[in-house]
Amino acid sequence: MQENIPIAVLVISGTLLFIMLVGIIITSLLFYQKAQNRHNVHVKELENNYQKELLKAQLEVKEQTLTYISQEIHDNIGQILSLAKLQLSQLQKRRDPIPDEKFIFLKELILKAIGDLRNLSKEMNSDFIVRKSFSELLQQEASRLEQLGKHKIITKIEKPNIVLAPSIQLIAYRIIQEIVNNIIKHAKATIIQFHCSSNSQGILVIVKDNGIGYDMSETSQETGLGMLNLHKRAKAINATIAFNSEKGHGTSVELLINRELKYESE
C-alpha cells in the first residue's frame, strides 16, 4: 500500500504539471492573440491615416494646379492674346502694304499662346504627377518659382531619374510644395535652394532659404509654423523631416525618404 503512495503522488504531480503547462500555453496564446489584435488595429490605423493624407494631398495638389493654371492664363496667355489682338487692330487701320515681319510676329505670338495652352492642358490631368519622376517634379517646382521672378533659384539634383511609388511620390511632392509655400509666406527670402541626393539611408531632399529664420529654442519642431502637418505627412510615408534655422541666417529643411520604400534611381 505504501509503495502505491509515491505512484499516486507522481500521477497527481504529473496531472497538475500538465494542467499548468496547458494553462501557460492557453495564457500565452491569449496574450499573443491580444498583441496581434493590437498590432492589426495599429496597422489599420496607419493605413487609414495614410489614405487620409493621400486624399488630402491629392486635393491640395489639384487646387494648387488650378490656381497655377488660372494665373498662367491671366498673366501669360492672356497678355499674349491681348498683344495679338492689339497687333490685329493696328494692322486693320493700315492703308499701306503690311510688312511681312508684322505677320511673322503675329504668327509667333499665336503659336506661343497655343503652345502654352497645350502645356497647361497636360498639367490639368491629375495624373501628371505620377507620370513624372520625382526629380522632374523637383525641377518643375524650381522652374515654377523661377517664373514668378521673386526669388533666385538654385537647383542641384544629383540623381536625375528618381522614381518613387506613385502614392509616396504624391505626398512627398506635396511636402516640398508646403515647405516652399512656408518660405514664400514667412521667410522674406531672396534665394531658395533645392538639393536632392541619394545615400545609404535613402533619398535626401534639402530645401534652404536665406530668409529671416527663427530661434529654434523658442519653436517646437512638432508644433510651430505648420511643422506638425509636415511631420504627419512625412510619417505617413515612413519618411523623416528635420528643420534647422537661426535668426537672420535662413532655414534648412531636410526630407529623408527611407531606402526601403520602393523606388528606382539611376
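Residues numbered from 1 in each chain as written. Predicted model: local features only at pLDDT ≥ 70, side-chain atom pairs only at ≥ 80, totals over all residues. Heavy atoms only, no water.

## Quick notes on the overall build of the protein
The condition is simple: Strands are runs of DSSP state E lasting at least two residues, helices are runs of H or I lasting at least four, and both sets are numbered from the N terminus onward. Exposure classes here rest on a 1.4 Å probe applied to the protein chains alone. A residue is buried below 20% of its type maximum, exposed above 50%, and partly exposed in between. Between two residues, a contact is recorded if the distance between any of their heavy atoms is within 4.5 Å. Each accessible area is a Shrake-Rupley estimate made with a 1.4 Å probe; only the visible protein chains count as cover when residues are assessed.
Scanning the protein for helices and strands turns up six helices and seven strands. Taken from N to C terminus, the helices and strands of the protein fall in the order α-α-α-α-β-β-α-β-β-α-β-β-β. Going through the 266 residues of the protein one by one, you find that 34% of them count as buried. Long-range pairs, those at least 24 residues apart, make up 70% of the contacts in the protein between residues at least 6 apart in sequence. Accessible surface computed for the protein: about 17200 Å², of which carbon and sulfur atoms make up 58%.

## Here's the deal with the packing of helix α4 (residues 134-148) against helix α5 (residues 166-187)
Cut-off, in case you're wondering: Whenever a helix is involved, its axis is fitted only over the stretch in contact; in every case the axis is a line through C-alpha atoms, and angles between N-to-C directions fall within 0 to 180 degrees. Here is the rule for angles: anything less than 35 degrees is roughly parallel, anything more than 145 is roughly antiparallel, 65 through 115 is roughly perpendicular, and the remaining ranges are oblique. For a crossing to be left-handed, the near helix must be turned anticlockwise from the far one by less than a right angle; the clockwise case is right-handed.
Contact pair α4 / α5: the axes reach a minimum separation of 11 Å and the direction vectors enclose 25°. Put simply, α4 runs roughly parallel to α5. The handedness of the crossing between α4 and α5 is right-handed. Two secondary-structure elements touch here, α4 through Phe134, Leu137, Leu138, Gln140, Glu141, Arg144 and Leu145 and α5 through Gln169, Ala172, Tyr173, Ile176, Gln177, Val180, Asn181 and Ile184.

## Topic: the side chain of Ser245
Stated formally: Any N or O atom pair separated by 3.5 Å or less is treated as a polar contact, with the protein-specific requirement of one donor-capable and one acceptor-capable atom, and with residues adjacent in sequence counted only for side-chain atom pairs.
Position of Ser245 among the secondary structure elements: in strand β5 (residues 239-245). Note on Ser245: relative accessible area 10%, which makes it buried. In terms of polar contacts, Ser245 uses its side chain to reach the backbone carbonyl oxygen of Gly250, at 3.0 Å. Side chain to side chain, Ser245 and Thr251 meet in a polar contact 2.8 Å long.

## Thoughts on the pattern of salt bridges
Applied cut-off: Whenever Lys or Arg places a side-chain nitrogen within 4 Å of a carboxyl oxygen from Asp or Glu, that contact is recorded as a salt bridge.
For the structure shown, the criterion picks out three salt bridges. Glu141 is the partner of Arg144 in a salt bridge, and the nearest nitrogen-oxygen pair spans 2.6 Å. Of the two residues, Arg144 and Glu141 both sit in helix α4, three residues apart, roughly one turn of that helix. What makes Glu141 buried here is its relative accessible area of 1%. Here Glu158 and Lys156 are joined by a salt bridge, their closest N and O atoms 4.0 Å apart.

## Here we look at α4
Basically, it comes down to this: Multiplying one less than the number of residues by 1.5 Å gives the expected span of a helix.
With 15 residues, α4 should reach 21 Å at 1.5 Å per residue; the first-to-last C-alpha distance of 22 Å fits that figure. Phe134, Ser135, Leu137, Leu138, Gln140, Glu141, Ala142, Arg144 and Leu145 are the residues of α4 that are buried.

## Quick notes on the pairing of β5
Formally: Two strands qualify as a pair provided that DSSP identifies no fewer than 2 bridges between them.
Here β5 shows a buried face lined by Ala239, Ile241, Phe243 and Ser245 and an unburied face lined by Thr240, Ala242 and Asn244. Note: β5 against strand β6 (residues 251-258), seven bridges, orientation antiparallel. Along β6, the bridge assignment pairs Ala242 with Glu254. Here β5 folds back onto β6 in antiparallel fashion, the turn holding five residues, of which Gly248 has a positive phi close to 80°.

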